[in-house]
Amino acid sequence: MQDLGIRVLFMGDNFWRLLGGLWVTVKISLTAVLLSVALGILLGIVMTLKYKIVRYTAKVYLEFIRIMPQLVLLFIVYFGLAKSLGINLSGQTAAVIVFTLWGTAEMGDLVRGALISIPRHQYESGDALGLSRMQVYRYIILPQALRRLIPLAINLTTRMIKTTTLIVLIGVVEVLKVAQQIIEANRYTVPDSAIWLYGTIFFLYFIVCWPVSRLAVRLEKRWKN
Amino acid sequence: MEQTAMLLEMHHVQKDYGNGAVLKDMSIKVEKGEVVVLIGPSGCGKSTLLRCLNGLEEIQAGEIRLDGNVITGGQTRWSEVRQKIGMVFQNYDLFPHMTVIDNILLGPLKVQKRTKKEAAEEAEILLERVGLLDKKDAYPRQLSGGQKQRAAIVRALIMKPEIMLFDEVTAALDPEMVREVLDVMLELAKEGATMMIVTHEMQFARAVADRIIFLDSGEIVEENSPQEFFSQPRTERAQRFLNTFTFQ
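Residues numbered from 1 in each chain as written. Chains lettered and ligands numbered in written order. Predicted model: local features only at pLDDT ≥ 70, side-chain atom pairs only at ≥ 80, totals over all residues.

Some points on the overall build of chain B
Then comes step 1: Counting secondary structure elements, chain B contains 9 helices and 10 strands.
Then comes step 2: What you see for chain B is a C-alpha radius of gyration of 18 Å, in line with the 18 Å of a compact globule of 248 residues. (Helix = DSSP H or I, 4+ residues; strand = E, 2+ residues; numbered from the N terminus. Rg over C-alpha atoms; globule rule 2.2 N^0.38 Å.)

Shown next as structure tokens:
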């Protein structure tokens, strides 16, 4: 009988360990996404303000984060801060910080885009009714901007979930790392387990990301008009 | 001089976008109950003038008074002033994510803090008057251009403004819908509403106005009664402008 690598998956508590790793991935992604949404909305509003210095600073931040590969950012925050400033962050904390920095920048840009796509006369109609600036945002601008934003934000979310695979490289034991450990541990007994484990991870990521992107499609359709 | 009867006064108002004055030394007075129609070629500053009146544009010099109180300058509480100055714009500026009734109630509920019951009752009376009661739960995208403008007028009216500003409210409408909007405005005029209207509809201007102000290049060229203005304008500039509306 041919020796199938898939049996590794069901040896001991291997499968549960994989799910545990997935939970680390999801936890980090989710925390970073939630923080990014909150901070990104603020950043996006700031980027539409008239004050040149504020707008310029936000722009520099955005470009800096975008130009940097996420891996470099991870290394700077994880290794760089420890070496130069003696700040020792856990891998997970460093990951949340980096993904929040990145997500905030991307999200901010999406929010800015959504806000400037709202015609100026929508603000003016609100002003003309005597609404305060806060009320104009709350009742008129944000509800419209959010509808345009949510499909894009969800897309960003799936990108963030996928990019968390990089955190293996700063020693966080997430789903990919767990798989590598299992493969290593069984290298001699089950040499071709890699394809099965990575295949499983493919499906795990799919299970996490697919509903999220379906949701985006759904909302997009519902808010089309 | 009776100061008391003047609802709105502009004194030597200057508006400048940085590349030349859009309004030059503009002085206009509007009495309570008066309908003033502003006409003039595009770019003459008539829309800008309306926008200055409710603070959508800042003015560089001069002052504007509402009920005798100066409303220009640093300390203006625009939220309060704007409740007294209703404005309807050229583009249908209903909020697209809200139904007609929610559009209308936003101001009364959030700015004036009126009760929902009372405001909703008034909204229905006003909607009935402009023939839109059956559209109260419709979204703006389900309305025709004329219906949107009538809803926008109700949204401004429900704030019980002292003066209504209309900025080319029929300019973006299909011809067959212009009438239904103008009729609403004519009716308001008959009821004694104070209005300042920017329009290109000359027949309508003639019918609705108590006074015509003809602007060109940011200046008042002629101020006249509608009868005289349209039959024998005093200025050659107004004459030429009016000629562009007739075919020979």
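There is more to say, and it comes next.
Examining the overall build of chain A
Then comes step 1: Scanning chain A from terminus to terminus reveals 8 helices and 0 strands.
Then comes step 2: Taken from the N to the C terminus, the helices and strands of chain A come in the order α-α-α-α-α-α-α-α.
Then comes step 3: In terms of its C-alpha atoms, chain A occupies a principal-axis envelope of roughly 80 × 50 × 25 Å.
Then comes step 4: Counting over 225 residues, chain A shows a buried share of 34%.
Then comes step 5: Sequence-distant contacts in chain A: of pairs separated by 6 or more residues, those separated by 24 or more amount to 79%. (Buried ≥ 20, exposed ≤ 12 C-beta atoms within 10 Å, placed from the backbone. Contact = placed C-beta atoms within 7 Å.)

Side note on helix α6 (residues 133-163) of chain A
Then comes step 1: Taking 1.5 Å as the rise per residue, α6(A) with 31 residues should run 45 Å; its terminal C-alpha atoms sit only 37 Å apart, a clear shortfall.
Then comes step 2: At Ile141(A), α6(A) shows its largest bend, some 45°, and a proline, Pro143(A), comes one to four positions later.
Then comes step 3: Considered for burial, the residues of α6(A) that qualify are Tyr139(A), Ile140(A), Ile141(A), Gln144(A), Ala145(A), Leu149(A), Ala153(A), Ile154(A), Leu156(A), Thr157(A), Met160(A) and Ile161(A).
Then comes step 4: In the core, the buried residues of α6(A) are packed alongside α1 (14-47), α4 (91-116), α5 (120-128) and α8 (194-222) of chain A together with α3 (100-111) of chain B. (Expected span 1.5 Å × (residues − 1). Bend = angle between axes of the 7 residues up to and from the residue.)

Re the packing of helix α5 (residues 145-157) of chain B against helix α6 (residues 175-190) of chain B
Residues and elements named next belong to chain B.
Then comes step 1: Their axes nearest at 8 Å, the elements α5 and α6 cross at an angle of 15°. Comparing their axes, α6 and α5 come out roughly parallel. As for the relative orientation of α5 and α6, their crossing is right-handed in sense. Together, Gly145, Gly146, Gln149, Arg150 and Ile153 of α5 and Met177, Glu180, Val181 and Val184 of α6 make up the contact between the two elements.
Then comes step 2: Of the residues in the contact of α5 with α6, the class split is 4 nonpolar, 3 polar and 2 charged. (Axes fitted to C-alpha atoms, helices over the stretch in contact; angles between N-to-C directions. Parallel < 35°, antiparallel > 145°, perpendicular 65-115°, else oblique. Left-handed = near helix turned anticlockwise from the far one by under 90°. Nonpolar A, V, L, I, M, F, W, Y, C, P; charged D, E, K, R; others polar.)

Things to note about the interface of chain B and chain A
Then comes step 1: Taken residue by residue, the interface counts 18 residues in chain B and 16 residues in chain A.
Then comes step 2: With 4 residues, the top contributor of residues to the side of chain B that touches chain A is α3(B).

Here's the deal with the packing of α1(A) against helix α7 (residues 175-185) of chain A
All names here are of chain A.
Then comes step 1: The interhelical angle for the contact between α1 and α7, taken along N-to-C directions, is 155°, at an axis separation of 7 Å. One way to sum up the angle between α1 and α7 is to call them roughly antiparallel. Counted together, Asn14, Arg17, Leu18, Gly20, Gly21, Leu22 and Thr25 of α1 and Val175, Lys177, Val178, Ala179 and Ile182 of α7 form the full contact between these two elements.

Re the sheet that holds strand β8 (residues 195-198) of chain B
All names here are of chain B.
Then comes step 1: Within the open sheet, the 6 strands sit side by side as β6-β7-β8-β3-β9-β10. Their pairing is mixed. This sheet does not close on itself; its edge strands, each paired only once, are β6 (85-88) and β10 (219-224). Taking each pair of neighbouring strands and ignoring which way they run, the sheet shows an average axis angle of 20°.
Then comes step 2: One ladder, built from 4 bridges, connects strand β3 (residues 35-39) with strand β9 (residues 211-216); its direction is parallel. When the bridges of β9 are listed, Val36 appears paired with Arg211.
Then comes step 3: Sheet strands in contact with α5 are β6 and β7 (163-167), and its direction is about 170° off that of β6. (Pairing = 2+ DSSP bridges.)

Quick word on unusual backbone geometry
Residues and elements named next belong to chain B.
Then comes step 1: Positive phi outside glycine occurs at Lys160, with the angle close to 55°.
Then comes step 2: Take Lys160: it is sitting in the loop between α5 and β7.
Then comes step 3: Phi is positive for Glu168, close to 45°, though the residue is something other than glycine.
Then comes step 4: Residue position: Glu168 is located in the loop between β7 and α6.

Considerations on the confidence of the model for chain A
Then comes step 1: Of the residues in chain A, 96% reach a pLDDT of 70 or more, and the chain-wide mean stands at 84.
Then comes step 2: Mean pLDDT in chain A bottoms out at α7(A), which sits at 80, and peaks at α5(A), which reaches 91. (pLDDT = per-residue confidence, 0-100.)

Focus on the confidence of the model for chain B
Then comes step 1: Scored by pLDDT, chain B has a mean of 89; 98% of the residues are at 70 or more.
Then comes step 2: At the level of chain-chain contacts, confidence expressed as ipTM amounts to 0.86, with global pTM at 0.77.

Overview of the sheet that holds strand β4 (residues 61-66) of chain B
Residues and elements named next belong to chain B.
Then comes step 1: Sheet architecture is open: 4 strands sit in the order β2-β1-β4-β5, paired in antiparallel fashion. This sheet does not close on itself; its edge strands, each paired only once, are β2 (21-31) and β5 (69-70).
Then comes step 2: Note that β4 and β5 share 2 bridges and pair antiparallel. Bridged to Arg65 within β5 is Val70.
Then comes step 3: Helix α1 (residues 46-53) contacts β1 (6-16), β2 and β4 of the sheet and is inclined by roughly 65° relative to β2.

Some thoughts on the nonpolar core
Across soluble globular proteins, you tend to see nonpolar side chains buried next to one another.
Then comes step 1: One finds Val37(B) and Leu38(B) to be the most contacted residues of the largest nonpolar core, which totals 115 residues.
Then comes step 2: In terms of residue count, α4(A) provides more of this core than any other element does, 13 residues in total.
Then comes step 3: For Leu38(B), the residues in contact, after removing those within four places along its chain, are Lys46(B), Leu49(B), Met196(B), Ile197(B), Val198(B), Ile213(B) and Leu215(B).
Then comes step 4: The next biggest cluster of nonpolar side chains, apart from the first, holds 11 residues, and it includes Leu18(A), Ala179(A), Ile183(A) and Val190(A). (Core = buried A, V, L, I, M, F, W, Y, C linked by C-beta atoms within 7 Å.)

So, the environment of Met98(B)
Then comes step 1: Within the secondary structure, Met98(B) is located in the loop between β6 and α3.
Then comes step 2: Considered as a pair, Met98(B) and Gln149(B) are 51 residues apart in the sequence and their alpha carbons are 15 Å apart.

Quick notes on the pairing of β6(B)
All names here are of chain B.
Then comes step 1: Side-chain alternation along β6 places Ile85 and Met87 on one buried face and Gly86 and Val88 on a second face that is also buried.
Then comes step 2: Note that β6 and β7 share 4 bridges and pair parallel. Opposite Val88, over in β7, you have Phe166 as the bridge partner.

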